[in-house]
Amino acid sequence: MSAVAPIKPDPAAPSKGPGTPAVRRIADLPGPKGWPVLGNLPQIKAAEFHLQLERWAHEYGRYFQIRMANRHMLVVADHDAVATMLRDRPDGFRRSARLDVIGAELGLKPGLFGSNGDDWKRQRRMVMSAFDPGHVKAYYPSLVKCGERLAGRWGKAAHSGASIDLQADLMRFTVDAIAGLAFGNDVNTLESDDDVIQRHLDKIFPKLFTRLIAGVPYWRFFKTASDRALEESMSAVNRAIDGFIAAARQRLADDPARRTAPQNLLEAMIVAADEPDSGIDHDRVAGNVMTMLLAGEDTTANTLTWCIWLLQQHPDAMARAMAEVRGVMAGGGPVTLDHLSQLDFVEACMHETMRLRPVAPQLLVQANHDTVLGDIAVPAGTVVVCVMRFDSVDDTFVPEGRQFRPERWLGEAGLSAASAKRISMPFGAGPRMCPGRYLALQEMKMVLLTLLNGFEIKSVATAEGGEPAERLMFAMAPVGLRMTLSPRGAA
Ligand code: HEM
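Treat the numbers as computed from the prediction; the structure is a model and nothing was measured.

Caption draft 1: Summary view of helix H10 (residues 265–274). For H10, a buried count of seven out of 10 residues is recorded, marking the element as mostly surrounded by other parts of the structure. Inspection of H10 places Leu 265, Leu 266, Glu 267, Met 269, Ile 270, Val 271 and Ala 273 among the buried residues, and these make up the whole buried set. As for H10, its buried residues are in contact with helix H4 (117–131), helix H7 (166–183), helix H9 (225–254) and helix H11 (282–313). The distance from a side-chain oxygen at the start of H10 to the backbone nitrogen of Leu 266 is 3.2 Å, and the residue carrying that oxygen is Asn 264.

Encoded structure:
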């Protein structure tokens, strides 16, 4: 049995004598009472799973158990313990094996997010080199183009007074940005109503999630209308991905010099795959194209949607963000990376948004071998659910933890940004931390700059008014936010 670095011992745990750490079994931990046979499964509401976990953590403490039929899971809400597990990858912990099975059944090819062990190490090296800040800077012009198209789309809405489906428009932006940047394809969903990829991706993510936490794998026995629609969506996205790969191969054939200096992630992956004994085959290239679309679309779009709503709720922060953007852009001209790098308060707003509304509010890991977490024995194969938003909104760790105070990220509110980052981990932690985080921050700054520099925001609200509900569909999204704008300077 190997032990993960010691976590704070639980004072309530029975001691087994001086100097001996108490070891509890997961089955001895408190937890919500479940049904016979099915355990807690009937109580789980997929779209609110994260909220249920947070409520249970308040009731049962930072370590508790849930049971999904015959699977006992450990739930951990303590940020130190969560960080320890996330850092102990790939050796101590992996992504849940269930993700492999359900993903393969859906027809998802092996990509970085779902891979483990040596396969993950090979893919991670390849993906990281294409996502370093240097490369993201090189692709910057395609990000500028997406910003200009978003400004055009919102400009039309501002002049006509049309209300904007905020999350849907931001998804168009993120799909266009990733397709341009990672695959060298100008899909331009922002300027057309042909949103093929986005429409189909929207079906895949929620389905993957509901199957992951489903008790009975009914789809292995019969297919509902939504399962059939899913199959069509998978085929449509796979066709689009094959198109991206064919276009990239053609570019490499037309200009062989690109093989020594690939222009984007996809070209780099193809070059790597073509090396003898690379261990990267066509399916892994296609799998990573899908991974980038899935991992980079909703996450960034939903975070932006939450951020715009939170700013609208906090006029002082909105005024400061707007003043910063308009000050930086006072000289006019096209947006440059230098402009984005001056948006400190805007960046603080994004960090604060991700602390309060993390779009990945829980992460699942699985123990590779028997281990001990704090004083809890964790047998090999145990799935551990990490609750990411618990300590990060707790006053003990973050003063006025439930309040939106972007200035705390600038060291202006009694908490250094370094300490805040140890507690709030919206991009995960350790070796599997999100490789797209730098790109996501650049995309989000580009959108906020476009919005705050070009428009006056008249409203950002749900149809009923009040706080938008949080809906979990793999990524957590605000429900039903619409925005109305007027051109800058108009009342
Ligand atoms: C605000 C935006 C984003 C958020 C909040 C976010 C969050 C996350 C989180 C929490 C993880 C899991 C990390 C872990 O296990 O420790 C992750 C992994 C990942 N993300 Fe992101 N992400 C965002 C944007 C992006 C973008 C733009 C891309 C790429 C286009 C991307 C690609 C990935 C990939 C490939 C992984 C898997 C990494 C691995 O398993 O090694 N993400 N992300």
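Caption draft 2: Main features of the nonpolar core. Counting 77 residues, the largest nonpolar core has Phe 49, Leu 53, Trp 154, Phe 173, Leu 451, Met 483 and Leu 485 as its most contacted members. Among the elements that make up this core, the one with the highest residue count is helix H16 (residues 437–454) (nine residues). Discounting residues that sit within four places of it in the chain, Trp 154 has contacts with Ile 164, Leu 166, Asp 169, Leu 170, Val 447, Leu 451, Phe 455, Met 483 and Leu 485. Membership of the second largest hydrophobic core comes to 49 residues, among which are Leu 106, Leu 181, Ala 214 and Ile 241.

Caption draft 3: Quick look at the coordination of the iron atom of the ligand. There is one protein donor for the iron atom of the ligand, namely Cys 434 (SG), at 2.3 Å. With respect to the helices, strands and loops of the structure, Cys 434 is situated in the loop between helix H15 (417–423) and H16.

Caption draft 4: Representation of helix H6 (residues 140–160) within the structure. Here H6 contains 21 residues, and its C-alpha end-to-end distance of 31 Å stays within 8% of the 30 Å for a straight helix at 1.5 Å per residue. Gly 161 sits one or two residues past H6 and shows a positive phi near 80°.

Caption draft 5: Molecular detail of a nonpolar patch on the surface. The grouping of Trp 35, Val 37 and Leu 38 at the surface amounts to a nonpolar patch, some 330 Å² of accessible area in total. In this fold, Val 37 is placed in the loop between strand S2 (24–25) and helix H1 (49–60).

Caption draft 6: Inspection of the sheet that holds strand S14 (residues 482–487) at higher detail. Ordered in space as S6-S14-S11, the three strands form an open sheet in which the pairing is antiparallel. If you trace the sheet from one side to the other, it starts and ends with strand S6 (164–165) and strand S11 (455–461), each paired once. Direction of pairing for S11 relative to S14: antiparallel, over a ladder of six bridges. Looking at S14, one finds that Ile 457 is bridged to Leu 485. Along the sheet face, H16 touches S11 and S14 and points at about 110° away from the line of S11.

Caption draft 7: Layout of empty space enclosed by the protein. One pass over the full model with this rule turns up three cavities of 30 Å³ or more. Approximately 40 Å³ is the volume attributed to the largest cavity. Every residue lining the largest cavity is listed: Ala 77, His 79, Val 82, Val 387, Met 388, Arg 389, Phe 390, Asp 391, Ser 392, Ile 423 and Met 425. Grouping the amino acids of the lining of the largest cavity by side-chain chemistry returns seven nonpolar, two polar and two charged.

Caption draft 8: A look at the packing of aromatic side chains. Applying the stated criterion across every chain, the model contains eight aromatic pairs. Ring centres 6.0 Å apart and planes at 75° place the aromatic pair Trp 306 and Trp 309 in the edge-to-face group. Separated by three residues within a single helix, Trp 306 and Trp 309 lie in helix H11, roughly one turn from each other. Grouping residues by exposure puts Trp 306 and Trp 309 together as buried. In this arrangement the basic side chain of Arg 95 is found over the ring face of Phe 113, its NZ or CZ atom lying 3.9 Å from the centre.

Basis of the calculations
- Residues numbered from 1 in each chain as written.
- Predicted model: local features only at pLDDT ≥ 70, side-chain atom pairs only at ≥ 80, totals over all residues.
- Heavy atoms only, no water.
- Buried < 20%, exposed > 50% of the residue type's maximum accessible area, 1.4 Å probe, protein only.
- Helix = DSSP H or I, 4+ residues; strand = E, 2+ residues; numbered from the N terminus.
- Contact = heavy atoms within 4.5 Å.
- Polar contact = N/O pair within 3.5 Å; in protein donor to acceptor, adjacent residues only side chain to side chain.
- Core = buried A, V, L, I, M, F, W, Y, C linked by side-chain atoms within 4.5 Å.
- Donors = N, O, S within 2.8 Å, 3.2 Å for Na, K, Ca; no water.
- Expected span 1.5 Å × (residues − 1).
- Patch = residues over 30% accessible without salt bridge, like charges linked within 9 Å, V, L, I, M, F, W, Y side chains within 5 Å.
- Areas by Shrake-Rupley, 256 points an atom, 1.4 Å probe, with all protein chains shown as cover.
- Salt bridge = Lys/Arg side-chain N within 4 Å of Asp/Glu carboxyl O.
- Pairing = 2+ DSSP bridges.
- Axes fitted to C-alpha atoms, helices over the stretch in contact; angles between N-to-C directions.
- 1 Å grid on protein atoms, 1.4 Å probe; cavity = no way out; pocket = protein on both sides within 12 Å on 5 of 7 lines; lining within 4 Å.
- Points joined across faces, edges and corners; volume = space filled by probe spheres on them.
- Nonpolar A, V, L, I, M, F, W, Y, C, P; charged D, E, K, R; others polar.
- Phe/Tyr/Trp six-rings, centres within 6.5 Å; stacked < 30°, edge-to-face > 60°.
- Lys NZ or Arg CZ within 6 Å of the ring centre and 35° of its normal.

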